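# Structural overview for review
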Amino acid sequence: MSALRLPLPQSPEYARAFEAMGRPIRLCKREARGDLRLLWQIQSRKFGPLGRVDMVSRGPVAASDDDRASWLERWQHWHDGRPLILNADGMAATDLRRAGFWPLMTPATLAMLPIDAPENMRARMAQKWRNRLNRAEANKIKVTQHNLNRDHWLLKAELEQARAKGYRGLPPAFSAAYSNANPGKAVVFEARHLGEPIAAALVLRHGPMATWQIGHSTPQGRKLNAMNLVLWTMMTRLSELNHDMLDLGILNRDDAPGLVHFKLGTGAIPHKLGGTWLHQGTLAPIARRLPLRLVA
């Protein structure tokens, strides 16, 4: 569909999953001389006193900085005047302010893991991460891979883990819908020791990219460093399938420093997003006059 590298929320696979859940997503794009220059997908929902709001997450995806700047100047040509919540990527805070966007949330940082030849990926690992992988490989752990089905224990474990730790993400129903709507692109990597499952992770494949969606390890799995082996098996398989980037998700140093250490130990590169912003007609003139210290 596109030569652009599309993050999960901007991928056609994501749109198909939401369509299957009865929540269609609108696709907008701009072409020039047959080349795709801009692409963004829009979700709409009711949002408190704002009424119905459009949302664009990690978009628009642009072929160049000039194309992205052009979108910021002209985006309202493709929208119908309702408020827009934008989870920006690649846009400067000063440019968003100038366009009338009001800052809602500070930027999150993602862990982006390059996928290439196994020897290169192994060389980029932190030494302690590589040592844990070596120990896991010696622990007679068997890692298998198969397409996700809605009855897999990982989905229930993720639901219970989210409730216990108080975080919110895409629900397990989304993962199941993604698998049904995109055959072969929702893959579970499962580790077993002495026949018992001790860790598993779900990866969602989309274009040249892939996204680590959920993962869970039992106490025995953590003791045996099973998740290191699960992720390594995932990385090598994605390399075989010609993917070039694995999105490991948000780096939350305040609430999950151990998970941050685990993700960065793979050789992942921190990628800072642009924050979450609101454009609403009556607020726009005020937003343009906000002090720079409040938006930077």
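Structural data are supplied above this passage.
Below: a short report on this structure. Fair warning: this is a prediction, and the values are worked out from it, not measured in the lab.

## Observations concerning unusual backbone geometry
In this structure, the amide linkage connecting glycine 59 to the following residue, proline 60, adopts the cis form with an omega of -5°. Following the sequence through the fold, proline 60 ends up in the loop between strand E3 (52-57) and strand E4 (61-62). Phi is positive for arginine 58, close to 60°, though the residue is something other than glycine. Its location among the elements puts arginine 58 in the loop between E3 and E4. Classification of arginine 58 by relative accessible area gives buried; the value is 11%. A positive phi is found at asparagine 242, a non-glycine position, where the angle reads about 70°. Structurally, the position occupied by asparagine 242 is in the loop between helix H9 (226-240) and strand E12 (245-250). The exposure class of asparagine 242 is exposed, given its relative accessible area of 66%.

## With respect to the nonpolar core
Leu231, Met234 and Leu246 are the most contacted members of the largest nonpolar core, which has 34 residues in total. Counting residues per element, the ones that place at least two in this core are strand E7 (109-114), helix H5 (127-137), strand E9 (186-193), strand E10 (196-206), strand E11 (209-217), H9, E12 and helix H10 (257-265). It is H9 that contributes the most residues to this core, 9 residues altogether. Counting 19 residues, the second largest nonpolar core, distinct from the first, contains Cys28, Trp40, Leu86 and Trp277.

## Remarks on helix H6 (residues 153-165)
Taking 1.5 Å of rise per residue, the 13 residues of H6 would be expected to cover 18 Å, and the 18 Å separating its terminal C-alpha atoms lies within 8% of that figure. Leu154, Leu155, Ala157, Glu158, Gln161 and Ala162 are the residues of H6 that are buried. All buried residues of H6 lie within an arc of 160° about the axis, which places them on one face of the element. For H6, the exposed residues lying more than 90 degrees away from the buried face are Lys156, Arg163 and Ala164. On its buried side, H6 packs onto helix H7 (172-181), E10 and E11. Downstream of H6 by a residue or two, glycine 166 has a phi angle that is positive, lying close to 75°.

What counts and what doesn't
Residues numbered from 1 in each chain as written. Predicted model: local features only at pLDDT ≥ 70, side-chain atom pairs only at ≥ 80, totals over all residues. Heavy atoms only, no water. Helix = DSSP H or I, 4+ residues; strand = E, 2+ residues; numbered from the N terminus. Buried < 20%, exposed > 50% of the residue type's maximum accessible area, 1.4 Å probe, protein only. Core = buried A, V, L, I, M, F, W, Y, C linked by side-chain atoms within 4.5 Å. Expected span 1.5 Å × (residues − 1). Arc of directions from axis to C-beta. Contact = heavy atoms within 4.5 Å.

These figures capture arrangement, not role.
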